[in-house]
Amino acid sequence: MPSEMEDWTVDKFVQSNGDWNWSLINQFAATQSCEAIANIMPPTPQDGQDVCNMGTKNAVESRWDWNQLFGTTTWLIWKARNDLVFNHKSTNQDALIRGAKIYISNLNDARGGAQSSCGGAFRDDAGRWVAGFSRNLGRGSALRAEIWGLLSGIEMAWDLGCRKLWIEGDSKVAINLITSGCDPCHPVAALIKRINSLLQRM
């Protein structure tokens, strides 16, 4: 990366239409990093200041899914404790974390790399086709894909001038996050905030 870009904030990598500037990002990021970035909501001026939550379960996208890492690490701690109690073998904490990450990587590879996408259809009050969309999201969770699908549909409705919507989705968790709110450190908090902002304007 050129030295004059080292102090750039994330918003410098966003185009005026609100999408990521892929021609710029692709110059500096590896394919796997681009897949992770594609799954993150680009920042807007309404989002306010960047917040650093290093070391916590937070909205910063990372390679490791918190639920997988926590569950797998807990299981490995339980196994290590049993090894200590019954076999008198000890395991250090770095080996546990490293083992959890290897286990999760292998699991995700076996699942096909956790590639995700979303899509939706618009129909009028008589059920006739109006428009549709699809979007490749790169690597990400099913929940994130559901929420991206809802956001993309609401944005398309806004662009088409639709202000009264009947929205259907098959993820109760996603719907609850939208209707009940979520912790600002939740991995999908930025997406939920954008959805609620659009819904309030309708």
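Computed from a predicted structure; not experimentally measured.

*Asks:* Would you explain the overall build of the protein chain in this entry?
*Replies:* Broken down by element type, the protein chain carries seven helices and two strands. In the protein chain, the order of α-helices and β-strands from amino to carboxyl end is α-α-α-α-β-β-α-α-α. Across the 202 residues that make up the protein chain, the buried fraction comes to 29%. The long-range share in the protein chain, meaning contacts at least 24 apart out of those at least 6 apart in sequence, stands at 59%. When the accessible surface of the protein chain is totalled, it reaches about 13,600 Å², and 53% of it is carbon and sulfur.

*Asks:* Any chance you could explain the packing of aromatic side chains here in plain terms?
*Replies:* Two numbers describe a pair of aromatic rings. These are the distance of the centres and the angle of the planes. Applying the stated criterion to the full structure yields zero aromatic pairs. Stacked on the ring of W158, the Lys or Arg R163 has its end atom at 3.6 Å from the ring centre. Over the ring of W158 we find R201; its NZ or CZ atom is 4.2 Å from the centre of that ring.

*Asks:* I keep staring at helix α3 (residues 66-87) and nothing clicks. Help me out?
*Replies:* Quick reminder: α-helices carry 3.6 residues per turn. Residues three or four places apart thus point the same way. An ideal rise of 1.5 Å per residue puts 32 Å on 22 residues; α3 measures up with 30 Å between its terminal C-alpha atoms. Directly beyond the C-terminal end of α3, a positive phi value near 55° is found at H88.

*Asks:* Would you take a moment to explain helix α6 (residues 172-180) for this structure?
*Replies:* Those residues of α6 lying buried are A174, L177 and I178. Down the axis of α6, the buried set is contained in an arc of 95°. They therefore lie on one face. Turned more than 90 degrees off the buried face of α6, the exposed positions are K172, T179 and S180. In this structure, the buried side of α6 is in contact with α5 (142-159) and α7 (189-201). Downstream of α6 by a residue or two, G181 has a phi angle that is positive, lying close to 85°.

*Asks:* What exactly am I supposed to notice about the nonpolar core here?
*Replies:* Here is a general trend for soluble globular proteins: nonpolar side chains tend to be buried in one another's company. Formed by 21 residues in total, the largest nonpolar core has its most connected members in I147, W148, L151, V188, L191, I192 and I195. At the level of secondary structure, the elements contributing two or more residues to this core comprise β1 (115-123), β2 (129-139), α5, α6 and α7. Of all hydrophobic cores here, the second largest spans seven residues; its members include F13, V14, L24 and C34.

*Asks:* Help me out: how do you make sense of the pattern of salt bridges in this one?
*Replies:* Pairs may arise between side chains of opposite charge once their charged atoms sit close together. Inspection of the entire model under this criterion finds one salt bridge. Here D124 ties to R128 by a salt bridge, and the two come within 2.9 Å at their closest N and O atoms.

About the criteria used
- Residues numbered from 1 in each chain as written.
- Predicted model: local features only at pLDDT ≥ 70, side-chain atom pairs only at ≥ 80, totals over all residues.
- Heavy atoms only, no water.
- Helix = DSSP H or I, 4+ residues; strand = E, 2+ residues; numbered from the N terminus.
- Buried < 20%, exposed > 50% of the residue type's maximum accessible area, 1.4 Å probe, protein only.
- Contact = heavy atoms within 4.5 Å.
- Areas by Shrake-Rupley, 256 points an atom, 1.4 Å probe, with all protein chains shown as cover.
- Phe/Tyr/Trp six-rings, centres within 6.5 Å; stacked < 30°, edge-to-face > 60°.
- Lys NZ or Arg CZ within 6 Å of the ring centre and 35° of its normal.
- Expected span 1.5 Å × (residues − 1).
- Arc of directions from axis to C-beta.
- Core = buried A, V, L, I, M, F, W, Y, C linked by side-chain atoms within 4.5 Å.
- Salt bridge = Lys/Arg side-chain N within 4 Å of Asp/Glu carboxyl O.

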